[in-house]
Amino acid sequence: MAFEFGAKVVIILLLLLACSAQAGELEGVQLDDRVQVDGQALELNGMAVRTRLYFKVYVAGLYLPQKVSSAQTAIEGQGAKRIVLVMMRDATADQFCDSIEVGMVANNSEGDFDLVRPQTEALFAKIRAVGTARTGMRIVLDYSPSAAATTLFIDGAAQGAPMAGPDFFRALLRIWLGERPAQPDLKRMLLRQDEQAKE
């Protein structure tokens, strides 16, 4: 009896520890509190839902070396970084590429966008090779400072060679965190600005 009781306590504690390892949950999507990118520990800065009209498109998560509420610090800060997009509905490759391009053009100068056009085209080629982004798919963009490059992962699998240059990842981050973000409340949630205002 004592052994059975002790075993049950251990199981309950393990379940509690497993739950505590999941920091964020939004719309049924769970993201880890901490991840490792390029050997560096990153924290989940914020989560948000991207909507279009009345449809939920994806849940986004932003990982940074430390939590910040400033868009400039998130974009320009040093270290490894990660953006996670978990699809909540299907999207064709063309739809996905179009939304990225619109966001990049809106939040980067013409000169800055031209500088990262080769990497952008490489990203589009990878996305088109994958095809439709299905519901539940996890799309991850990791920036590794040791290689000064961005890697695209789909459901944990790297998609081709990394895309070179820190400017490219900064240009991507501006889609969500720039002056004209894809969605203003998404930017606030990724940066925890609403939480900061309450404090």
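Calculation notes
- Residues numbered from 1 in each chain as written.
- Predicted model: local features only at pLDDT ≥ 70, side-chain atom pairs only at ≥ 80, totals over all residues.
- Heavy atoms only, no water.
- Core = buried A, V, L, I, M, F, W, Y, C linked by side-chain atoms within 4.5 Å.
- Buried < 20%, exposed > 50% of the residue type's maximum accessible area, 1.4 Å probe, protein only.
- Helix = DSSP H or I, 4+ residues; strand = E, 2+ residues; numbered from the N terminus.
- 1 Å grid on protein atoms, 1.4 Å probe; cavity = no way out; pocket = protein on both sides within 12 Å on 5 of 7 lines; lining within 4 Å.
- Points joined across faces, edges and corners; volume = space filled by probe spheres on them.
- Nonpolar A, V, L, I, M, F, W, Y, C, P; charged D, E, K, R; others polar.
- Expected span 1.5 Å × (residues − 1).
- Arc of directions from axis to C-beta.
- Contact = heavy atoms within 4.5 Å.

Chemist: Please clarify how the nonpolar core should be interpreted in this entry.
Modeler: For soluble globular proteins, the rule of thumb is that nonpolar side chains tend to be buried together. In terms of nonpolar packing, the biggest core is built from 43 residues, with Met87, Ile100, Met104, Leu123, Ile139, Trp176 and Leu177 touching the most fellow members. Counting residues per element, this core draws most heavily on helix 6 (residues 166–177), at eight residues. Counting 15 residues, the second largest nonpolar core, distinct from the first, contains Leu31, Val35, Tyr63 and Val84.

Chemist: Explanation requested: the environment of glutamate 121 in the structure shown.
Modeler: Along the chain, glutamate 121 falls in helix 5 (residues 117–130). The sequence separation of glutamate 121 and cysteine 97 amounts to 24 residues, and the corresponding C-alpha distance is 9.4 Å.

Chemist: Sorry, what's going on with the layout of surface pockets here?
Modeler: To find the voids left in a structure, one rolls a probe of water-molecule size over its atoms. Of the voids in this model, the largest pocket is the one considered here, and its volume is about 520 Å³. Residues of the lining of the largest pocket, tallied by class, amount to 14 nonpolar, three polar and six charged.

Chemist: How should I be thinking about helix 5 in this particular structure?
Modeler: Given 3.6 residues per turn, any residue in an α-helix points the same way as the ones three and four places further on. When the terminal C-alpha atoms of helix 5 are compared, their 20 Å separation across 14 residues agrees well with the 20 Å that a helix rising 1.5 Å per residue should span. By the burial criterion, the buried members of helix 5 are Gln119, Thr120, Leu123, Phe124, Lys126 and Ile127. Viewed along the axis of helix 5, the buried residues span an arc of 160 degrees, placing them on a single side of the element. Projecting away from the buried face of helix 5 at angles above 90 degrees are the exposed residues Pro118 and Ala129. Looking at the buried side of helix 5, the elements it contacts are helix 3 (93–107), helix 4 (110–115), strand 7 (138–144), strand 8 (149–154), strand 10 (163–164) and helix 6.

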